[in-house]
Amino acid sequence: MTLAMACFALEDALIKGATQSLQSGQVILMFGIGGALFFWLGLLWRKEPILVAMRSPVMRLRMLLEVVGRMFYFLALALTPLSSTTAILQATPVVVVLGAAIFFGEQVTLRRWLAIITGLIGVLIILQPSGEDFSPLSILAVIGLIGFAGRDLASRAAPVSFSTFALGFYGFVAIIIAGGMVSIWNGTLPVWPQNDAALSLVGATVFGVIAYMALMKAMRTGDVSTVTPFRYSRLLFGVALGYFVFNEPLSPSFWVGSLVIVGSGLFVMGRRKQLPRPVCTQGNESSG
């Protein structure tokens, strides 16, 4: 999960850089094509059928949620500061864990809830909703986080027979759809990317693919309430890139909030390690 968040932050920074010279719709579209091509080649290599996954209602719902999440989040990246957009996205863990408890019946301990809510408080300390960064355009990132949370939950509900390559392929196809919708809305014609914009798109695609594979692995095999708090690490990566690459200022509240966020994640990890091992007694062995 931490690897996924680091790569997602790099992807965000490169996409934001590409939107400095290209329309946001075109950036989303080309990014989606690059990622879909990679996962399509992976499906061919593994000799997996491509269209069979769309017969699953869960996969169709997942794709719809991916379109919503990607479209609105990319618009937020293009129109608002990277640091504030990343901070808003950190509310996703609360939505994901709540969904896992409601839809999957996953047991979430009080300590984990407190750690996750504490992490959210850290986000609010950084974001300062009454500050200038919290503009009406921030609603774009809020809608995006709802789409992402739904996508992650649908990924966990997807049949285990669907590989990461299948999930990744349809995820990036959804990005293509989102990019096409934004391009139609903007009413602009695509242009061939030059120099820095082209390199940014290639880099965003590479980091996006790595992030997607790592995220799907974490969400499909790990305990949701355990791995979810480590989503907060994306805030640290995103704000650092915003500061060093886009010269976005950091206030004292950032450092306070960051300590709260990191502390909540470390607390959850520490509690996980301290859980007692199952005791195997004669005639009553534990499977672990």
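This text goes with the structure placed above it.
So, here is what we can say about the structure in this document. Note that the structure is predicted; figures quoted are calculated from it, not measured.

Quick look at the overall build of the protein now. Tallying secondary structure elements over the protein gives 12 helices and 0 strands in all. When the helices and strands of the protein are placed in sequence order, the string is α-α-α-α-α-α-α-α-α-α-α-α. Across the 288 residues that make up the protein, the buried fraction comes to 49%. A separation threshold of at least 6 residues defines the contact pool for the protein, and within that pool the share at least 24 residues apart is 90%.

Quick look at helix α4 (residues 82-89) now. When you tally the buried positions in α4, you get 8 out of 8 residues, the bulk of the element. By the burial criterion, the buried members of α4 are L82, S83, S84, T85, T86, A87, I88 and L89.

To continue, consider unusual backbone geometry. Despite not being glycine, K47 shows a phi value in the positive range, around 55°. As for its position among the elements, K47 is in the loop between α2 (24-46) and α3 (57-79). Taking relative accessible area as the criterion, K47 reaches 76% and is therefore assigned exposed. Despite not being glycine, N195 shows a phi value in the positive range, around 40°. Assignment of secondary structure puts N195 in helix α9 (residues 195-221).

Let us look at the environment of P190. Tracing the backbone through its elements, the reader meets P190 in the loop between α8 (164-186) and α9. Considered as a pair, P190 and G25 are 165 residues apart in the sequence and their alpha carbons are 8.8 Å apart.

Evaluated as defined, the whole model comprises 2 cavities of 30 Å³ or more. Computed from the structure, the largest cavity encloses a volume of approximately 80 Å³. Contributing to the lining of the largest cavity are F8, E11, D12, R70, Y73, L89, T92, F148, R151, L215, R231 and R234. Sorting the residues of the lining of the largest cavity by element identifies α1 (2-18), α3 and α7 (139-157) as the ones contributing at least two each. Along the lines of polarity and charge, the residues of the lining of the largest cavity split into 5 nonpolar, 1 polar and 6 charged. For the second largest cavity, the calculated volume is near 30 Å³. Considering the residues around the second largest cavity, the lining is formed by M5, L89, Q90, T92, P93, R231 and R234. The residue makeup of the lining of the second largest cavity, split by class, is 3 nonpolar, 2 polar and 2 charged.

This brings us to the packing of aromatic side chains. Scanning the entire structure with this criterion turns up 11 aromatic pairs. Geometrically, the ring pair formed by F31 and F74 is edge-to-face, given 5.8 Å between the ring centres and 85° between the ring planes. In this pair, F31 sits in helix α2 while F74 sits in helix α3, placing the two residues 43 residues apart along the sequence. On the accessibility criterion, F31 (0% relative accessible area) is buried. Judged by its relative accessible area of 2%, F74 falls in the buried class. For the pair F38 and F39, a centre-to-centre distance of 5.2 Å together with 85° between the ring planes defines the contact as edge-to-face. We classify F38 as partly exposed; its relative accessible area is 38%. K16 extends its terminal NZ or CZ atom over the ring of F246, reaching a point 5.9 Å from the ring centre.

Basis of the calculations
- Residues numbered from 1 in each chain as written.
- Predicted model: local features only at pLDDT ≥ 70, side-chain atom pairs only at ≥ 80, totals over all residues.
- Heavy atoms only, no water.
- Helix = DSSP H or I, 4+ residues; strand = E, 2+ residues; numbered from the N terminus.
- Buried < 20%, exposed > 50% of the residue type's maximum accessible area, 1.4 Å probe, protein only.
- Contact = heavy atoms within 4.5 Å.
- 1 Å grid on protein atoms, 1.4 Å probe; cavity = no way out; pocket = protein on both sides within 12 Å on 5 of 7 lines; lining within 4 Å.
- Points joined across faces, edges and corners; volume = space filled by probe spheres on them.
- Nonpolar A, V, L, I, M, F, W, Y, C, P; charged D, E, K, R; others polar.
- Phe/Tyr/Trp six-rings, centres within 6.5 Å; stacked < 30°, edge-to-face > 60°.
- Lys NZ or Arg CZ within 6 Å of the ring centre and 35° of its normal.

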